[in-house]
Amino acid sequence: MKILGLVFLVFFLARDARLAMAFTGTFGINYGRIADNIPSPEKVVTLLKAAKIKNVRIYDADHSVLNAFKGTGLELVIGLPNGFLKEMSANPDHALTWVEDNVKAFLPDTHIVGIAVGNEVLGGDVDLSQSLLGAAKNIYNATKKLGIDKGIQISTAHSQAVFQNSYPPSSCTFTEGVAPLMKPLLEFFSQIGSPFCLNAYPFLAYTYNKGKIDINYALFQPNKGIVDNKTDLHYDNLLDAQIDAAYAALENAGFKKMEVIITETGWASYGDESEAAATPNNARTYHFNLRKRLAKRKGTPLRPKHVLKAYIFALFNEDSKPGAGSEKYYGLFKADGSISYDLGLPGLKSSATSCSFFSFKEVGGGKWYRWCSLLFTISASTLILLLRL
């Protein structure tokens, strides 16, 4: 009986640990919807399942999406938009109602595994920054009151605006303006077992630091890399350096054990004249090499035991996004559901040519190879199995 009891204990502990992570494998995607021409949520589910993408983030709690995800097995992190932060911080009852209406009501059929409380709040609007911690606490307390806290991870994603002196990685700290708000937030997330969520874009770092960064370093291509003289660690790609900068800032603030998860990263396929690196070829190279990097299931030079997990931005090109031209072209897929560039992912709409071929980027040499075969065709599903993490 003691052995049986131990087996059950191990089972339930493992179950809770799995749910608390809110991430299966290493690869996920952001399903943004700032567009007036993208497929319906039902078609999106078909696309995600065909592409074998299980981890999905949205930026709100739209009920049409939550209903479409019912019974699919896809794991969904929903967002509490920034506009709700003040209300949720000031009124615990409103937080309880929001969680009840937008989370509890859809469980367990829709597998909601997390709530992102705001997005890139710290380092931006001062009033919203003051409300972030209170909103996060009230949302968490609401999940606890409703008995769903074990399966719902509470988090918030940060931009790199929260950092100061991120190069070399070991020198990174939180900015003076952010630090007083960041520390109590990290203390709370540490208590409830949440990770530090970072939106990291080598594309933006390369674009806005002209002439200072080797594009091969940003694209995971062969390059001499950099050495952090303080730690004597070598970095062969920019994303790893950005992540370790976050780990250094966390350690400096007293949170050495907190995990960093990438909640957004991507490369635009088109952009303004000032965004010359935004090309389909560069976007394809970045995402192809990123998936290879994630498939290795390894950590960063500073945290080799913390397997890197990342959500790609984004699922679709979004034609209504404001800002620079590149903002509209981060999608792995175009608005009609066809692929933006060849990663071996099947689209809703075929973009095949009259001759069946399979192409891939040879990472070391930078050459393209194509095969046309009259004897057999490699199916999209086979390509997915080859690329599947």
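Provided above is the structure to which this section pertains.
Residues numbered from 1 in each chain as written. Predicted model: local features only at pLDDT ≥ 70, side-chain atom pairs only at ≥ 80, totals over all residues. Heavy atoms only, no water.

(A) Structural detail: the overall build of the protein chain. Per the secondary structure count, the protein chain includes twelve helices and 14 strands. Buried residues in the protein chain amount to 49% of all 389 residues. (Helix = DSSP H or I, 4+ residues; strand = E, 2+ residues; numbered from the N terminus. Buried < 20%, exposed > 50% of the residue type's maximum accessible area, 1.4 Å probe, protein only.)

(B) Spatial organisation of the pattern of salt bridges. If you walk through the whole model with that rule in mind, you get seven salt bridges. Residue Glu 327 pairs with Lys 321 through a salt bridge whose shortest N-O separation is 3.3 Å. Judged by relative accessible area, which is 13%, Lys 321 ranks as buried. Each of Arg 33, Asp 60 and Asp 62 takes part in salt bridges that share partners, so that together they form one network. (Salt bridge = Lys/Arg side-chain N within 4 Å of Asp/Glu carboxyl O.)

(C) Seen up close, the pairing of strand E4 (residues 112-119). A large share of E4 lies buried, amounting to seven of its eight residues. Direction of pairing for strand E3 (residues 75-80) relative to E4: parallel, over a ladder of five bridges. Bridged to Gly 79 within E4 is Ala 116. As judged from the four bridges shared by E4 and strand E5 (residues 153-158), these two strands associate in the parallel manner. Within E5, the residue paired with Ile 115 across the bridge is Ile 154. (Pairing = 2+ DSSP bridges.)

(D) The arrangement of the packing of aromatic side chains in detail. Per the stated rule, a full pass over the model turns up 15 aromatic pairs. Ring geometry for Phe 313 and Tyr 330: centres 5.6 Å apart, planes at 65°, overall edge-to-face. Note that Phe 313 is positioned in the loop between strand E12 (310-312) and strand E13 (357-361) and Tyr 330 in the loop between E12 and E13, a separation of 17 residues in sequence. On the basis of relative accessibility, which here comes to 4%, the residue Phe 313 falls in the buried class. (Phe/Tyr/Trp six-rings, centres within 6.5 Å; stacked < 30°, edge-to-face > 60°.)

(E) Seen up close, the packing of helix H6 (residues 126-145) against helix H7 (residues 179-192). Viewed as axis vectors pointing N to C, H6 and H7 meet at an angle of 15°, and their least axial separation amounts to 9 Å. With respect to H7, the element H6 is oriented roughly parallel. When you trace H6 past H7, the crossing you get is left-handed. Residue-level inspection shows Ser 129, Gln 130, Leu 132, Leu 133, Ala 136, Lys 137 and Tyr 140 of H6 in contact with H7, the latter providing Leu 181, Pro 184, Leu 185, Phe 188, Phe 189 and Ile 192. For the contact of H6 with H7, a count of residues per class yields ten nonpolar, two polar and one charged. (Axes fitted to C-alpha atoms, helices over the stretch in contact; angles between N-to-C directions. Parallel < 35°, antiparallel > 145°, perpendicular 65-115°, else oblique. Left-handed = near helix turned anticlockwise from the far one by under 90°. Contact = heavy atoms within 4.5 Å. Nonpolar A, V, L, I, M, F, W, Y, C, P; charged D, E, K, R; others polar.)

(F) The arrangement of the sheet that holds strand E8 (residues 196-199) in detail. Strand order in this closed barrel of eight strands is E1-E2-E3-E4-E5-E8-E11-E12, and the pairing throughout is parallel. Strand-to-strand twist of the sheet, defined as the mean angle between neighbouring strand axes without regard to direction, takes the value 25°.

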